Amino acid sequence: RIMRPDDANIAGNVHGGTILKMIEEAGAIISTRHCNSQAGEPCVAALARVERTDFLSPMCIGEVANVSAEITYTSRHSVEVQVNVMSENILTGAKKVTNKATLWYVPLSLKNVNKVLEVPPIQYARKEQEDEGKKRYEEQKLDRLETKQRNGDVILPVINPAEPHTVSYSQSSLIHLVGPSDCTLLGFVHGGVTMKLMDEVAGIVAARHCKTNIVTASVDAINFHEKIKKGCVITVSGRMTFTSNKSMEIEVFVDADPFVDEPRERYRAVSAFFTYVSLSKEGKPLPVPQLLTETEDEKRRFEEGKGRYLQTKAKRQAQMQQAAQQ
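Residues numbered from 1 in each chain as written. Predicted model: local features only at pLDDT ≥ 70, side-chain atom pairs only at ≥ 80, totals over all residues. Heavy atoms only, no water.

**Here we look at the overall build of the protein chain**
Point 1. Scanning the protein chain for helices and strands turns up five helices and eleven strands.
Point 2. Taken against the 2.2 N^0.38 rule, which gives 20 Å for 326 residues, the C-alpha radius of gyration of the protein chain at 20 Å falls within 12% of a compact globule.
Point 3. Counting only C-alpha atoms and orienting by the principal axes, one finds that the protein chain spans roughly 60 × 55 × 35 Å.
Point 4. With 326 residues in all, the protein chain has 48% of them scored as buried.
Point 5. The contacts of the protein chain with a sequence gap of at least 6 include a subset with a gap of at least 24, amounting to 74%.
Point 6. Between the averaged position of the 42 positive side-chain charges in the protein chain and that of its 41 negative side-chain charges there is a distance of 2 Å. (Helix = DSSP H or I, 4+ residues; strand = E, 2+ residues; numbered from the N terminus. Rg over C-alpha atoms; globule rule 2.2 N^0.38 Å. Buried < 20%, exposed > 50% of the residue type's maximum accessible area, 1.4 Å probe, protein only. Contact = heavy atoms within 4.5 Å. Lys, Arg positive; Asp, Glu negative; His and termini not counted. Charge placed at Lys NZ, Arg CZ, Asp CG, Glu CD.)

**A word on the pairing of strand 5 (residues 95–109)**
Point 1. The pairing of strand 1 (residues 43–50) with strand 5 spans seven bridges and is classified as antiparallel. Among the inter-strand pairings, Ala-46 is bridged to a residue of strand 5, identified as Val-106.
Point 2. Where strand 2 (residues 53–55) lies against strand 5, two bridges are found, and the strand directions are antiparallel. Paired with Asp-54 across the bridge in strand 5 is Lys-100.
Point 3. Inspection of the sheet shows strand 4 (residues 79–88) paired to strand 5 by ten bridges, in the antiparallel sense. In the strand pairing of strand 5, Val-79 is matched with Tyr-105.
Point 4. Counting the residues that bridge the hairpin from strand 4 to strand 5 gives six residues, and of these Gly-93 lies at a positive phi of roughly 85°. (Pairing = 2+ DSSP bridges.)

**Topic: a nonpolar patch on the surface**
Point 1. Together, Ile-2, Ile-90 and Leu-91 line one region of the surface with nonpolar side chains, adding up to about 330 Å² of accessible area.
Point 2. Along the chain, the position of Leu-91 falls in the loop between strand 4 and strand 5.
Point 3. The exposed category is assigned to Leu-91, whose relative accessible area is 78%. (Patch = residues over 30% accessible without salt bridge, like charges linked within 9 Å, V, L, I, M, F, W, Y side chains within 5 Å. Areas by Shrake-Rupley, 256 points an atom, 1.4 Å probe, with all protein chains shown as cover. Salt bridge = Lys/Arg side-chain N within 4 Å of Asp/Glu carboxyl O.)

**Some points on the pattern of salt bridges**
Point 1. For the structure on display, the rule yields 18 salt bridges.
Point 2. The shortest N-O distance in the salt bridge between Asp-131 and Lys-127 comes to 2.8 Å. Of this pair, Asp-131 and Lys-127 both sit in helix 2 (residues 127–149), four residues apart, roughly one helical turn.
Point 3. By relative accessible area, Lys-127 is classed as exposed at 52%.
Point 4. Each of the salt bridges in this network shares a partner with another, and the network as a whole consists of Arg-49, Glu-51 and Asp-143.

**Observations regarding the UniProt feature "active site" (unreviewed entry) in the protein chain**
Point 1. Those residues carrying the UniProt feature "active site" (unreviewed entry) are Asn-9 and Asp-199 in this numbering. Taken along the chain, the residues just named run across 191 residues; in space they keep tight, none of their C-alpha pairs more than 12.1 Å apart.
Point 2. With respect to the secondary-structure elements, Asn-9 resides in the segment before helix 1 (16–35).
Point 3. Looking at Asn-9, the relative accessible area reads 15%, which means it is buried.
Point 4. With near-sequence residues (within four places) excluded, Asn-9 lies in contact with His-15, Asn-213, Ile-214 and Val-215.
Point 5. For Asn-9, the side chain forms a polar contact with the side chain of Asn-213, separated by 3.1 Å.
Point 6. Among the structural elements, Asp-199 can be located in helix 4 (residues 191–210). (UniProt positions renumbered as here; feature names shortened; annotations may be inferred. Polar contact = N/O pair within 3.5 Å; in protein donor to acceptor, adjacent residues only side chain to side chain.)

**A short note on the domain arrangement of the protein chain**
It is common to report an interface's size as the accessible area lost on association of the parts.
Point 1. Under the domain assignment, the protein chain is made up of domain 1 (2–142) and domain 2 (167–325).
Point 2. With 25 residues of domain 1 in contact, the opposing surface of domain 2 contributes 28 residues.
Point 3. For the pairing of domain 1 and domain 2, the buried interface totals around 2,100 Å² over both sides, and the portion due to carbon and sulfur atoms is 62%.
Point 4. The interface formed by domain 1 and domain 2 includes zero salt bridges.
Point 5. Between domain 1 and domain 2 we count eleven residue pairs in polar contact (both at pLDDT 80 or more) in total.
Point 6. Mapped by element, the contributors of at least two residues to the side of domain 1 that touches domain 2 are helix 1, strand 1, strand 2 and strand 5.
Point 7. If one sorts the elements of the side of domain 1 that touches domain 2 by residue count, helix 1 sits on top with six residues.
Point 8. In terms of residue class, the side of domain 1 that touches domain 2 is built from ten nonpolar, nine polar and six charged. (Domains from an automatic or database assignment. Buried area = accessible area lost by both parts, 1.4 Å probe. Nonpolar A, V, L, I, M, F, W, Y, C, P; charged D, E, K, R; others polar.)

**What to know about the environment of Cys-210**
Point 1. Note on placement: Cys-210 falls in helix 4.
Point 2. Cys-210 sits 77 residues away from Pro-287 along the chain, and the two C-alpha atoms are 9.1 Å apart.
Point 3. Not counting the four nearest positions on each side in its chain, Cys-210 is found in contact with Met-248, Ser-278, Val-288 and Pro-289.

**Let's talk about the UniProt feature "domain: HotDog ACOT-type" (unreviewed entry) in the protein chain**
Point 1. When the UniProt feature table is mapped onto this chain, "domain: HotDog ACOT-type" (unreviewed entry) is found at residues 1–111 and 168–282.
Point 2. Note that residues 1–111 is 18% helix and 42% strand, and that its end C-alpha atoms are spaced 33 Å apart.

**A look at the packing of helix 1 against helix 4**
Point 1. Between helix 1 and helix 4, the shortest axis-to-axis distance is 8 Å and the interhelical angle comes to 165°. When the axis of helix 1 is compared with that of helix 4, the two are roughly antiparallel. Relative to helix 4, helix 1 is oriented so that their crossing is right-handed. Side by side, helix 1 and helix 4 meet where Gly-16, Gly-17, Thr-18, Leu-20, Lys-21 and Glu-24 of the first sit next to Gly-191, Gly-192, Val-193, Met-195, Lys-196 and Asp-199 of the second.
Point 2. Taken together, the residues of the contact of helix 1 with helix 4 break down into three nonpolar, five polar and four charged. (Axes fitted to C-alpha atoms, helices over the stretch in contact; angles between N-to-C directions. Parallel < 35°, antiparallel > 145°, perpendicular 65-115°, else oblique. Left-handed = near helix turned anticlockwise from the far one by under 90°.)

Following this line, the structure appears as structure tokens:
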């Protein structure tokens, strides 16, 4: 579809959350189709996880987004979907890849939303493809468990924010009542809706910190720990965890309060790290102000963010060297 002004920021760059929402819609369609391809109990595929995705090039107002999805692996109860996003300038015909993403879905029964159904297997062209897919499946399963153990953190509101460039100065929250238009046939929030809200909050944190135009550079793995029902009030909270010379890492939580017909207490539903860059009016990268850490927890999170940054940087350099050798 063509990108409209309400899809973009004031500089004309399409919001990362808009692209993430389109990616998730494509993944949900193809995985739901596949899970209902054989006779059996009808189901809807629910998003469980999004692997790290990089925003390879910006997309602008007036360009056409083409989102394509392919199922690349199935386990007994999950589906791996690879999604590619291309942008096309319809005036010049120029095309470019903007995103590549990997998503994991599980099929939930329409009759019983707590029942996970079995996934029809796919046919692999080569045995190696199945082995590689199984390896990715085991890795994401382990990472989901590790991430869930870190979910005790909360982001408390700040009444009197401190000086600029501190964590408390830029942290932000958004409160949203989950309505019917946000939900799937099962009455749970679409993963793409949640990711769009998360990107919005992370973008506000980044803009407050830099006071410049900012764009999403990448999103670390997004883990959907628990479903969010229609009628819940969700709080999407973001805080700066790390800054390098040219990038910012923002941690985002989604907490759900099931107010309607549900005695349950607030719970952590989704968590992720977003990376942003600061741009000039001409679209050139700008230096990012150094994050000022004040507490021991902030210093610990900064060092953890630095470790993720260096690990990603090393992996990218290794991929570039491998590509050059080929």
